[in-house]
Amino acid sequence: MYRYIKVVDRPPKILWKPFRYECVRVHSHLAAKITGCPLSLMLAWKLPPRLRHNFLSLPLARPASGVARRQYDVIVVGGGHAGTEAAAGAARVGAETLLITQKMHTIGALSCNPSLGGVGKGQLVREVDALDGLCGRAGDWAGVHFSILNRSKGPAVWGPRAQLDRQRYRHFIQAELLSTPRLTVVEGSVEELLVSDSLPDEPGQHRVTGITLVGASHPLLASSVVLTTGTFLSGFLFMGQTNSPGGRMGDAPSSAGLSNTLRERLGLQVGRLRTGTPPRILKASVDLSLAQLSEPDKHPTPFSFINTHVHCKPEEQLPCHLTQTTAGVERVVRDSLHLNCHIQQDTKGPRYCPSIESRVLRFPGRQHQVWLEPEGLTSDLLYPQGLSMTMPPDLQLRLLREIPPLHRAEIHTPGYGVQYDYVCPTQLAPSLQVKSTQGLFLAGQINGTTGYEEAAAQGLWAGVNAGRAALSLPPLALSRTQSYIGVLVDDLVGRGVTEPYRMFTSRAEFRTSLRPDNADLRLTPRGFEEMGCVSPGRHQEVLRVSEALQGGLDALLSLRLPASRWRDKLGLVGVSETKSSTLSGVDLLQYKDVSFQMLASAFPECLSPYLEFAQRLKIEAVYRPHCEKQRREMERIQREDGLSLPQDLDYLSLPTGLSQEVREVLDRARPSTLGAASRLPGMTPAGVVNLLNYVHKTSRRHTPPTHPPQPPRGPGQQEGGAGGLGTLSTSVK
């Protein structure tokens, strides 16, 4: 029997929720907003019990005119992936937080591809989850097709990914936000920022003190403001030769005042980027028998460390299908270029997720992959990944029908392009606060990135730092040696962007240490002890896992046998017969054909207690030598911090493995020491190691050989070896 919370009139009343030892605010004047939709009601009953209660009983948002409070610690503008993580993160660190969104029902919406994770992106999702973020748990709840990309390669570059049910994901995020203490949600559009003189004892020329809403009678004040405007900042939608203001089809455009404030009042350098989305296709009109079937993994891997399984059972998950473009697709693209104003402009678009027009023009004569992906368990639509396009709708249909499985396709919603403003991210500090403006933080596409995962990671980091700033706590920074979030932020603030930035594993120099399997060990303890954004329950679980993994490694290291004994114990494994040295259990796990389960069956008394962590122990053993090498390199860099660098070094042509970006950074700055080089914006740890190796190598090459000291010569003695021999013969006489 399910019991509803009784909704009360304003002022808000604090109601106790026994399923989560926290309080929520309930406002009656919008309480029916969510329960008025039958579909929402049906989906609500499928939410976890902890969230179902909120989803059915609480209002989604208050109108701007109904906000009684005028002062908050943090105000977050935007309800996308960056905004939701920022608002939840700020509230978790203890800040009274207000989230402002144009439409409550679009909070957590998957504006483009209904998927989460991937190569590099999956690592970000795992790290956001390790810091108690939302998107990993939402992905586990809403996923309908789970797979690990790059599985044929090492675990360090595996890419956890899931195809999602759009509605389930959105409703999970909304319900989670409603259950977050100290968080209020308001529907409204921001008119402009409130800007005042900077505080004299802090860096910066300006200070943001709050925002004004369109149509509001009074401003809303805050110590910190986080802008997560996505594609809405001076956004324009393009389809064929038509364009209109907006950041997403069906939503109102943002106020021009906000962009003007950033440009004119704060003097920030603002650029222009573009992106796009493909048409949505009616599933019933597609002949999937003509496409290649791609099944989900038989054993789905959750994103969240606190989940042991995903919500959708393996047998209920949906397949994806793969097809390819044809010569007819290229013909349609070329014939329609004069009708496509979006593709004719020189605004930078995403290199790694380009439109089909860009792909055809850049790689003529090639076939391009198209993935036909489900949009949900009950959805009648397919998402054609790889077919983002901005040509007129009739030509979009003509193009689709040039692909065999889509020869009778019908379009539900046409594709379109978006152009929007972004703030050059080199103007940000590592906390994602604007250097010249106190109290203003930016996260997501406003910083020049693309993708849900990049936005969520920035949102969490900006929200945590905004909350800490509001509570008079010092800002935090993550090194690129510690996390992919650190790599992302360091790339943005140190190098900037010239095109929409996407995360890849290749961007992380220490990716063998920054694996998706150990994000909890790397970040959760710090998130609890230093950042204050991780719950005690999650922290205790990580301590348990860490202790168990260390115990398992110690047990493996204690097992030391000659290679012949290991062969006798384990049977036919790939241990060389000529190998005579003693090997530990960790050494054995580094062999591809040896699993922890095999070792546990041979030594059950000491290894069976750790079977729960069999895969993690295998991965730890495989990467142990690599991580040790990287640790020694970092310690070596720290010892050599004061090493002098020759001022005549030609960094642009040094015969060493420095990237062109790093060479340009060094050439501009010309640091005097290795430590100064390591602290340059845009300098990478791998670059520091390569520079250190080069300087040591050349110094050894040019250092003259040393000779033992010679005794002083007496009168009449000759220099060199003859004099020495003469002296010796004289003394013998």
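Just so it is clear, the model here is predicted, and its values are computed rather than measured.

1. Some details on the side chain of Arg616
- Looking at the element boundaries, Arg616 is found in helix α21 (residues 614–639).
- Using a relative accessible area of 15% as the deciding quantity, one classes Arg616 as buried.
- A polar atom in the side chain of Arg616 sits 2.8 Å from the backbone oxygen of Asp517.
- When sequence neighbours within four positions are dropped, the list of residues in contact with Arg616 reads Phe305, Asp517, Asn518, Asp520, Leu521, Val545 and Leu549.

2. Brief notes about the nonpolar core
- Ranked by size, the top nonpolar core spans 106 residues in total, and within it Ile75, Leu193, Ile211, Val225, Leu227, Leu262 and Leu440 carry the most contacts.
- The biggest single contributor to this core is helix α13 (residues 452–470), with 10 residues.
- Not counting residues up to four positions away in its chain, the partners in contact with Ile211 are Ile75, Ile100, Val190, Glu192, Leu193, Leu194, Pro219, Leu220 and Val225.
- Grouped together as the second largest cluster of nonpolar side chains are 27 residues, Leu553, Val594, Ala602 and Leu607 included.

3. So, the side chain of His81
- Topologically, His81 is positioned in helix α4 (residues 81–92).
- Owing to a relative accessible area of 10%, His81 belongs among the buried residues under this scheme.

4. Thoughts on the pairing of strand β14 (residues 242–245)
- Where strand β13 (residues 236–239) meets β14, 4 bridges bridge the pair, whose relative direction is antiparallel. Looking at β14, one finds that Phe238 is bridged to Asn243.
- Here β13 hands over to β14 after 2 residues, with Gly240 in that stretch at a positive phi of 65 degrees.

5. Regarding the pattern of salt bridges
- Counted according to the given criterion, the structure contains 31 salt bridges.
- Residues Arg398 and Asp335 are paired through a salt bridge, measuring 3.5 Å at the closest nitrogen-oxygen approach. Of this pair, Arg398 sits in helix α12 (residues 393–400) while Asp335 sits in helix α9 (residues 327–335), placing them 63 residues apart in sequence.
- With relative accessibility at 37%, the residue Arg398 sits in the partly exposed group.
- Looking at Asp335, the relative accessible area reads 41%, which means it is partly exposed.
- Between Glu530 and Arg526 there is a salt bridge, with the nearest N and O atoms lying 2.8 Å from each other. Residue Glu530 and its partner Arg526 are both found in helix α15 (residues 519–531); the two are separated by 4 residues, about one turn of the helix.

6. Some remarks on the sheet that holds strand β7 (residues 143–149)
- Pairing is antiparallel in the open sheet, where 3 strands are placed in the order β6-β8-β7. Of all strands in the sheet, those bounded by a partner on one side alone are β6 (115–117) and β7. Neighbour-to-neighbour, the strand axes of the sheet open up by a mean angle of 15 degrees, direction not taken into account.
- Sheet analysis places β7 next to strand β8 (residues 159–164), joined by 6 bridges and oriented antiparallel. Looking across to β8, one finds that His145 is bridged to Gln163.
- Relative to β7, helix α6 (residues 135–142) is tilted by about 115 degrees, and along the sheet it contacts β6, β7 and β8.

Definitions and limits used
- Residues numbered from 1 in each chain as written.
- Predicted model: local features only at pLDDT ≥ 70, side-chain atom pairs only at ≥ 80, totals over all residues.
- Heavy atoms only, no water.
- Helix = DSSP H or I, 4+ residues; strand = E, 2+ residues; numbered from the N terminus.
- Buried < 20%, exposed > 50% of the residue type's maximum accessible area, 1.4 Å probe, protein only.
- Polar contact = N/O pair within 3.5 Å; in protein donor to acceptor, adjacent residues only side chain to side chain.
- Contact = heavy atoms within 4.5 Å.
- Core = buried A, V, L, I, M, F, W, Y, C linked by side-chain atoms within 4.5 Å.
- Pairing = 2+ DSSP bridges.
- Salt bridge = Lys/Arg side-chain N within 4 Å of Asp/Glu carboxyl O.
- Axes fitted to C-alpha atoms, helices over the stretch in contact; angles between N-to-C directions.

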